[in-house]
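# Fold and geometry: a report
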Amino acid sequence: MTEPRWWQEAVFYQVYPRSFARDLAGIRRRLDHLQWLGVGAIWICPFYPSPQADFGYDVADYTDVDPEFGTLDDFDGLVGDAHARGIRVIVDWVPNHTSDQHPWFVESRSSRESAKRDWYVWRDSRAGGPPNNWRAAFGGRAWTFDAATSQWYLHLFLPQQPDVNWRNPELAAAMHGVLRFWLDRGVDGFRIDVVQGIAKPPDLPDDPPGTVLPRASFNDHPDAHPILRHLRTLVDAYPQEPVMVGEVYLLSTEQVADYLGRGDELHLSFDFTSLYAPWDAAAWRTVVERVERELGAIGAWPTWTLSNHDNPRHRTRYGGGEARARAAAVLLLTLRGTPFLYQGEELGLQDAVVPPEQEVDPGGRDPCRAPIPWDGSPAHGWEHEEEWLPWPPDADVANPEVERADPGSMLNLYQRALAARRASPALRRGSARVLPSPAGVLAYERVAADGGDRRVVLVNFAAQRACVDLDGDWTVEVATDRAWEGAPFDGELEADAALVLRP
Ligand code: NOJ
């Protein structure tokens with residue numbers, strides 16, 4: 001068996017800088033929290049110079065830091081401190097589009113003869129209108145007419161986010177230079193934005209009427225694969241074993257698995273079927289079995305994620321209060337694969353209520369992006385009592401200061417589950433097998449390759465107590481209620497409870 005890679009064993013933690021601690025220096029000051037929690041890597045969302053039309057996913061310079069977030073020196077300091085604490089750092093790379101303020105686009109739009117014209121996707125009108133019927137992700141058409149040169153440019157997202165043309169070798173080379181820039185600075189890899197959209201079909205066909213994202217014809221074109229293979233060769237040449245984790249927004253495990261290639265494309269690929277699964281044992285059983293089947297067949301490594309900066313937080317989505325969010329934490333941290341935590345879920349945060357006059361995001365995603373309350377004071381460890389978005393509910397108590405002091409808190413549950421995972425080869429990298437269980441319960445067994453380490457995980461999705469029959473004697477190692485830990489498992493599983501059992 002090959003040695004596991006660091007990115008298979010680490011738990012990742014997603015940092016959305018503006019809401020985590022304002023800037024890179026702020027993130028650096030909060031590394032204590034992450035180290036105590038026990039995460040192995042952080043993914044930092046975009047901090048590059050940007051007009052912030054899409055909060056950093058409109059990049060105006062890939063190789064610098066927006067003054068709002070600090071300087072390259074701050075970045076180097078953050079990476080150095082994180083590494084000193086055993087925490088790897090991956091950065092967000094946005095290869096599908098730039099900002100319309102990026103010098104590449106400014107030059108491209110300057111004239112039809114521009115040397116960079118072909119770095120973006122420009123087309124003539126069709127019958128006096130846009131070149132095709134594609135729709136943009138946040139609504140409206142995916143084309144904007146540029147009166148100065150009488151052509152349209154493509155943007156799958158906002159008009160301020162023109163799509164680049166990966167079929168142009170100079171653009172591809174410039175993008176490769178971006179990756180080298182950050183790898184040379186010591187980053188441990190990239191979270192890659194909108195992977196499924198980077199290669200458009202050359203003839204840009206109309207979408208059939210009624211097309212719903214992500215099924216549009218601009219997604220999932222086979223020409224993305226050679227692009228990814230090239231990237232893989234580039235990053236694999238670096239000694240730090242960088243990881244590429246792709247946002248492959250296709251909502252199908254089969255399709256997502258394609259982007260892992262034969263171990264020669266992405267190392268990891270987000271599979272949002274888990275994020276969109278309802279809180280239901282049968283639905284989760286289907287997801288877990290499908291992931292085991294599809295990724296197992298190609299020897300690939302799964303990822304698991306319940307929340308991110310683009311979707312309502314899972315605690316809010318699932319309803320059912322803190323009890324359910326606790327069970328979800330045990331599930332997320334014990335499945336076979338690499339878990340990605342979204343900042344604040346370890347505190348049990350819910351979405352903030354954002355009044356219309358405070359809305360800032362064109363995609364309606366403000367509630368999950370509320371700032372992290374660090375303590376119970378009026379400004380919650382920030383500079384102002386009012387930050388860029390309202391605080392999440394219960395910020396007086398749902399914060400690291402209060403929760404660290406409370407052994408029964410959500411934060412302490414995450415910390416214990418992470419520690420149990422680090423200590424157990426079965427949980428870190430063992431096989432996974434779904435076990436028979438009563439309705440409403442998901443049960444699975446994790447076994448290390450040499451058979452020496454085993455765990456059983458029980459998750460009760462239902463609001464009723466369940467009885468679970470297991471062969472042998474088992475002890476509760478981690479539980480949604482700390483009081484049960486260390487006791488023998490007696491066959492009863494409380495409503496909304498989840499347990500990690502050891503022999
Ligand atoms: C996915 C990112 O997660 C999201 O925040 C962004 O708006 C789009 N890609 C466009 O870059």
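Provided above is the structure to which this section pertains.
The residue numbering used here restarts from 1 in each chain and proceeds along that chain's sequence as written. The predicted origin of the model limits local features to residues at a pLDDT of at least 70 and limits the giving and counting of side-chain atom pairs to 80 or more, whereas totals for whole chains, interfaces and linings rest on all residues. Only hydrogens and water are set aside when side-chain values are computed; all heavy atoms of the structure are taken into account.

## Observations concerning the packing of helix α7 (residues 169–184) against helix α8 (residues 224–236)
Axis lines are fitted to C-alpha atoms, over the contacting stretch for helices. Their N-to-C directions set the angle, which ranges from 0 to 180 degrees. In DSSP terms, a helix is any run of H or I states spanning at least four residues, a strand is any run of E spanning at least two, and both are numbered starting from the N terminus. Two elements in contact, α7 and α8, have axes whose closest approach is 11 Å; the angle formed by their N-to-C orientations is 25°. One way to sum up the angle between α7 and α8 is to call them roughly parallel. As α7 packs across α8, the resulting crossing turns out to be right-handed. Of α8, the residues touching α7 (which contributes H176, L179, R180 and L183) are H230, L231, L234 and V235. Here the nonpolar group is Ala, Val, Leu, Ile, Met, Phe, Trp, Tyr, Cys and Pro; Asp, Glu, Lys and Arg are the charged ones; every other residue, Gly included, is treated as polar. For the contact of α7 with α8, the class distribution of residues is five nonpolar, two polar and one charged. When describing relative orientation, an angle under 35 degrees is termed roughly parallel and one over 145 degrees roughly antiparallel, while 65 to 115 degrees is termed roughly perpendicular and anything else oblique. Each crossing gets its handedness from the near helix: less than a right angle anticlockwise from the far helix is left-handed, clockwise is right-handed. Here, two residues are considered to be in contact whenever any of their heavy atoms come within 4.5 Å of each other.

## Description of the environment of S437
Among the secondary structure elements, S437 is positioned in the loop between β12 (431–435) and β13 (441–447). Sequence separation between S437 and A281 is 156 residues, and the spatial gap between their C-alpha atoms is 9.9 Å. Excluding its chain neighbours within four sequence positions, the residues that come into contact with S437 are R285, L442 and A443. Think of a polar contact as two N or O atoms within 3.5 Å of one another; within protein, one of them needs to be a possible hydrogen donor and the other a possible acceptor, and neighboring residues in sequence only count if both atoms come from side chains. Among the polar contacts made by the side chain of S437, one reaches the main-chain carbonyl oxygen of V441 at a distance of 2.8 Å.

## Describing the packing of helix α13 (residues 321–332) against helix α15 (residues 410–423)
Running from amino to carboxyl end, α13 crosses α15 at an angle of 15°, the nearest separation of the two axes being 10 Å. One finds that α13 runs roughly parallel with respect to α15. Read as a crossing pair, α13 and α15 show a hand that is right-handed. Contacts between α13 and α15 involve E322, A325, R326, A329 and V330 from the former and M410, L413 and Y414 from the latter. When its residues are assigned to classes, the contact of α13 with α15 shows six nonpolar, no polar and two charged.

## With respect to the packing of aromatic side chains
Stacked, tilted and edge-to-face are the three classes applied to pairs of Phe, Tyr and Trp rings, where Trp contributes its six-membered ring and a pair requires centres within 6.5 Å; stacked means planes under 30 degrees apart, edge-to-face means over 60, and tilted covers the rest. Using the criterion set out here, one finds 32 aromatic pairs in the structure. Their ring planes at 55° and their centres at 5.7 Å tell us that Y48 and W182 sit as a pair that is tilted. Of the two residues, Y48 sits in the loop between β2 (41–44) and α5 (72–84) while W182 sits in helix α7, which places them 134 residues apart along the sequence. Both residues of the pair, Y48 and W182, count as buried. With a centroid separation of 5.7 Å and an interplanar angle of 35°, the aromatic rings of Y62 and W104 are classed as tilted. Highlighted residues: Y62 in the loop between β2 and α5 and W104 in helix α6 (residues 103–110), separated in sequence by 42 residues. Throughout this description, buried means an accessible area under 20% of the type-specific maximum (1.4 Å probe, protein chains only), exposed means over 50%, and partly exposed covers the range between. In this structure Y62 comes out as buried when scored by relative accessible area, which is 3%. Ring pairing ties together the aromatic residues W6, F12, W43, Y249, F270, F272, Y276 and F340, which thus form one cluster. A cation over a ring is seen here: R18 above W388, with NZ or CZ 5.1 Å from the ring centre. A positively charged side chain is recorded as over a ring if its NZ (Lys) or CZ (Arg) lies within 6 Å of the ring centre. The angle to the ring normal must also be within 35 degrees. Lying across the ring of Y318, R317 places its NZ or CZ 5.3 Å from the centre.

## Looking at the sheet that holds β12
By definition, two strands form a pair when at least two bridges between them are found by DSSP. Spatial strand order, β12-β13-β14-β18-β16: five strands in an open sheet with antiparallel pairing. Every other strand in the sheet has two partners, leaving β12 and β16 (475–479) as the edge strands with one partner each. Averaged over all neighbouring strand pairs, the angle between strand axes comes to 25°, with direction disregarded.

## Looking at helix α11 (residues 281–297)
With 17 residues, α11 ought to run about 24 Å at 1.5 Å a step, and its terminal C-alpha atoms sit 24 Å apart, in line with that. All buried positions along α11 are accounted for by A281, W284, V287, V288, V291 and L295. Considered in projection along α11, the buried side chains sweep an arc of 125° and stay on one side of the axis. Looking at where α11 begins, the residue whose side-chain oxygen comes 3.2 Å from the main-chain nitrogen of A282 is D280. A positive backbone phi angle near 65° is found at G299, which sits one or two residues after α11. One less than the residue count of a helix, multiplied by 1.5 Å, gives the span that helix is expected to have. Taking the helix axis as origin, the arc is that swept by the directions to the C-beta atoms.

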